[in-house]
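Each chain is listed here by its residues.
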Amino acid sequence: MFIKPKKMIVANWKMNVTSEKDAERLFLSIKNVVSKLEYTNMICCPPHMYVNQVAQHVSNKNYRVGGQDAYPEESGSRTGETSVLMQKNAGAEYIILGHSERRHLETKLDISRKVTAVLEHGMMPIICVGEEQRDKNWKKNLIQQVRDVFNRVPKKEPENIIVAYEPIWAISSDKKNPATSAEYMEALEVIKKELQKIFKTVAAASKIRFLYGGSLDDKNIEDFLKNAEVDGFLVGRVSHDPRILMTMFRLIEDHVQKELFAPKEE
Ligand code: PEP
């Protein structure tokens, strides 16, 4: 049986860290706590130019490094781009792709080419999908996003694929309006059904891991832990707030421990 690994927190620093010194300070402020966690992994996604620096500090399996985007071709005349290979050589093992803050800069084809390149390099794509609004077409739009990415990518290694459901209306860059666990579960059902069709079997699709992202913090994480089927979370605003992250780690650890040791119903 395929056993899903620990819960994960993907910390997308976005462009909020602006010097090597800040990157180092932030990383070191949480590193020791993360290295002692039993049931949680942290994937730290700094701006490209600090990936290598953060990766050099990684000495614990709970802590991994990811990129915030990457160009699919390995090298060439592509001014300003950073390739998947460059990120890998710098120490990244994960790449966030299709983030809503980047979708206006790239086509659907670009996103699936990036996902394919990440998988081909033995890395893990964290693919963001999510509707703009909960209007009458939201399910249709979400299904289309899933098809646009997954119809074109290799179906060989679903266990290396991570899907982050990030409804655009919930992401905190404009305002703080998190989804509820019930809204997440509704979307998860839609996404999973589509992935089962694309990957042809329920077993293959069930190896994909699912994250929630959108204004998540220490106040609403428990709703998801208690009421949702979720493998982890993608955070932006709180990704560079060690105090809030620590509380979230503690809540995850307590929750998983309780779940593991709860008496099983016959
Ligand atoms: C994001 O931008 O992916 C995100 C989840 O941001 P926030 O946590 O700030 O809503």
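Presented here is an overview of the structure given in this document. None of these values were measured; they are calculated from a predicted model.

**Section: the packing of aromatic side chains**
Throughout the structure, instances matching the rule amount to seven aromatic pairs. Between the aromatic rings of Tyr184 and Tyr212, the centroid separation amounts to 6.0 Å while the plane-to-plane angle is 80°, which identifies the pairing as edge-to-face. With a gap of 28 residues between them, Tyr184 in helix 6 (residues 181-199) and Tyr212 in strand 7 (residues 209-213) connect regions that are remote in the sequence. With relative accessibility at 0%, the residue Tyr212 sits in the buried group. Taken together through their ring pairs, the aromatic side chains of Tyr165, Tyr184, Tyr212, Phe224 and Phe233 make up a single cluster.

**Concerning the packing of helix 5 (residues 138-150) against helix 6**
Between helix 5 and helix 6, the least distance of the axes is 10 Å, while the angle of their chain directions is 40°. Classified by the angle between their axes, helix 5 and helix 6 sit oblique to one another. The hand of the helix 5/helix 6 crossing is right-handed. Residues Trp138, Lys139, Leu142, Ile143, Val146, Arg147 and Phe150 of helix 5 touch helix 6, and the partners they reach there are Glu186, Ala187, Val190, Ile191, Glu194, Leu195, Ile198 and Phe199.

**Some thoughts on the pattern of salt bridges**
What the rule picks out here adds up to 18 salt bridges. Close ionic contact of Lys192 with Glu229 constitutes a salt bridge, the shortest N to O distance being 2.3 Å. In this pair, Lys192 is assigned in helix 6 and Glu229 in the loop between helix 8 (221-227) and strand 8 (232-235), connecting sequence segments 37 residues apart. Exposure remark for Glu229: the relative accessible area of 42% places this residue in the partly exposed category. It is possible to trace a salt-bridge network through shared partners that takes in Asp69, Arg102, Glu106 and Lys114.

**Re the sheet that holds strand 8**
Pairing is parallel around the closed barrel formed by eight strands, whose spatial order is 1-2-3-4-5-6-7-8. The sheet shows a mean angle of 25° between the axes of neighbouring strands, taken without regard to direction. Of the strands in this sheet, strand 5 (124-129) and strand 6 (162-165) are in contact with helix 5, which crosses strand 5 at around 155°. Strands strand 1 (7-12), strand 2 (40-45) and strand 8 of the sheet are contacted by helix 9 (residues 242-261), whose axis makes an angle of about 165° with strand 1.

**With respect to the environment of Pro167**
Among the structural elements, Pro167 can be located in the loop between strand 6 and helix 6. With relative accessibility at 0%, the residue Pro167 sits in the buried group. Put simply, Pro167 and Gln133 are 34 residues apart on the chain and 7.5 Å apart in space, counted from C-alpha to C-alpha.

**A short note on the site of the ligand**
Around the ligand, 13 residues are found, and the nearest of them are Lys14, His99, Ser172, Ser215 and Arg237. Its residues assigned to classes, the shell around the ligand comprises three nonpolar, six polar and four charged.

**A few points about the pairing of strand 1**
Burial runs high along strand 1: six of the six residues are buried. Residues Lys7, Ile9 and Ala11 point to one face of strand 1 and Met8, Val10 and Asn12 to the other, with burial holding for every one of them. Pairing of strand 1 with strand 2 involves six bridges; the strand directions are parallel. Pairing of Met8 across the sheet is with Asn41, part of strand 2. Where the polypeptide runs from strand 1 across helix 1 (residues 20-35) and back to strand 2, its parallel neighbour, the crossover connection is right-handed.

**Quick word on the packing of helix 1 against helix 2 (residues 48-55)**
For the pair helix 1 and helix 2, the least separation of the axes is 10 Å and the interaxial angle reads 45°. Taken together, helix 1 and helix 2 sit at an angle that is classed as oblique. When the axes of helix 1 and helix 2 are compared, the crossing they make is right-handed. Side by side, helix 1 and helix 2 meet where Glu20, Ala23, Glu24 and Phe27 of the first sit next to Tyr50, Gln53 and Val54 of the second. Split into classes, the residues belonging to the contact of helix 1 with helix 2 amount to four nonpolar, one polar and two charged.

So, how was this worked out
Residues numbered from 1 in each chain as written. Predicted model: local features only at pLDDT ≥ 70, side-chain atom pairs only at ≥ 80, totals over all residues. Heavy atoms only, no water. Phe/Tyr/Trp six-rings, centres within 6.5 Å; stacked < 30°, edge-to-face > 60°. Helix = DSSP H or I, 4+ residues; strand = E, 2+ residues; numbered from the N terminus. Buried < 20%, exposed > 50% of the residue type's maximum accessible area, 1.4 Å probe, protein only. Axes fitted to C-alpha atoms, helices over the stretch in contact; angles between N-to-C directions. Parallel < 35°, antiparallel > 145°, perpendicular 65-115°, else oblique. Left-handed = near helix turned anticlockwise from the far one by under 90°. Contact = heavy atoms within 4.5 Å. Salt bridge = Lys/Arg side-chain N within 4 Å of Asp/Glu carboxyl O. Pairing = 2+ DSSP bridges. Near = heavy atom within 4 Å. Nonpolar A, V, L, I, M, F, W, Y, C, P; charged D, E, K, R; others polar. Right-handed = clockwise from strand over helix to strand, strands pointing away.

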